[in-house]
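# Notes for the structure review
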Amino acid sequence: MAFPTIKIVSGSSEIDAVAALAHEIWNQHFVSIIGQAQVDYMLHRFQSVSAITGQISSGYIYYTITDGGHIVGYFALAPVPDGSGEAQLSKLYVRKNLQGRGLGRAALEFAEGLCHQMGVRKLWLTVNRHNSSTIDFYWRMGFSIEADVVQDIGGGFEMDDYRMAKAIAREDDK
Ligand SMILES: CC(C)(COP(=O)(O)OP(=O)(O)OC[C@H]1O[C@@H](n2cnc3c(N)ncnc32)[C@H](O)[C@@H]1OP(=O)(O)O)[C@@H](O)C(=O)NCCC(=O)NCCS
């Protein structure tokens, strides 16, 4: 597959498209892992148009992954305190019928390139501990498990995650 186009999300129509894709992918992928009620709650709380708009205002950078003129996935880098040397990959999703074709790798390598440019030394993320296919993907991409993270997210739900991390090499490390 040719390298997809990856660009920063800006403007309400692009945010609408990301929220619609989140709705599609979450309902396909996460219902069997966390149940429909938690999917509905988390989509409303974290991936609605207003939630994404608020995150962008607070410093999250969302990127769309576009192939053949269509949005096929998205990811986001979340702000971390200055001087920490770390960045959080807050989301990474590829449309179900296009998974397994190299798009996730392309997006992650792009994100790692951004981290490299920003002087980030470590990229980390959280992933549901029962999301085994995605954990395997992150292992394949060089991440390893650092910690268990259980977070109360309100509504009677909690996120039961692993924190996974990968060192970002600098030129002078080589
Ligand atoms: C996880 C996800 C982003 C990966 O994207 P993808 O486009 O399917 O992955 P790719 O095709 O780029 O795979 C990249 C590499 O990981 C490997 N890989 C992918 N899934 C794997 C699995 N389940 N087990 C082992 N290896 C896997 C591929 O073989 C490939 O290896 P290679 O490039 O060395 O040949 C995508 O499948 C997805 O959106 N999943 C559902 C939502 C989700 O869980 N998102 C993450 C939330 S934290």
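Once that is clear, we can look at the sheet that holds strand E4 (residues 86–94). Reading across the sheet, the 7 strands line up as E1-E2-E3-E4-E5-E7-E6 and stay open at both edges, with mixed pairing between neighbours. On the outer flanks of this sheet lie strand E1 (5–8) and strand E6 (144–154), each paired with one strand and no other. Across the sheet, the mean angle separating the axes of adjacent strands is 30 degrees when strand polarity is ignored. With 7 bridges connecting them, strand E5 (residues 122–128) and strand E7 (residues 157–167) associate as antiparallel partners. Each bridged residue has a counterpart across the sheet, and for Trp124 the counterpart in E7 is Ala165.

All right, on to the packing of helix H5 (residues 103–118) against helix H6 (residues 132–140) then. The contact between H5 and H6 brings their axes to 11 Å, and the two run at 55 degrees. With respect to their mutual orientation, H5 and H6 come out oblique. H6 is crossed by H5, and the crossing has right-handed handedness. On the side of H5, the interface is formed by Gly104, Arg105 and Leu108, while H6 contributes Phe137, Tyr138 and Arg140. Among the residues forming the contact of H5 with H6, the class breakdown is 3 nonpolar, 1 polar and 2 charged.

Reading the values: rules and limits
Residues numbered from 1 in each chain as written. Predicted model: local features only at pLDDT ≥ 70, side-chain atom pairs only at ≥ 80, totals over all residues. Heavy atoms only, no water. Pairing = 2+ DSSP bridges. Helix = DSSP H or I, 4+ residues; strand = E, 2+ residues; numbered from the N terminus. Axes fitted to C-alpha atoms, helices over the stretch in contact; angles between N-to-C directions. Parallel < 35°, antiparallel > 145°, perpendicular 65-115°, else oblique. Left-handed = near helix turned anticlockwise from the far one by under 90°. Contact = heavy atoms within 4.5 Å. Nonpolar A, V, L, I, M, F, W, Y, C, P; charged D, E, K, R; others polar.

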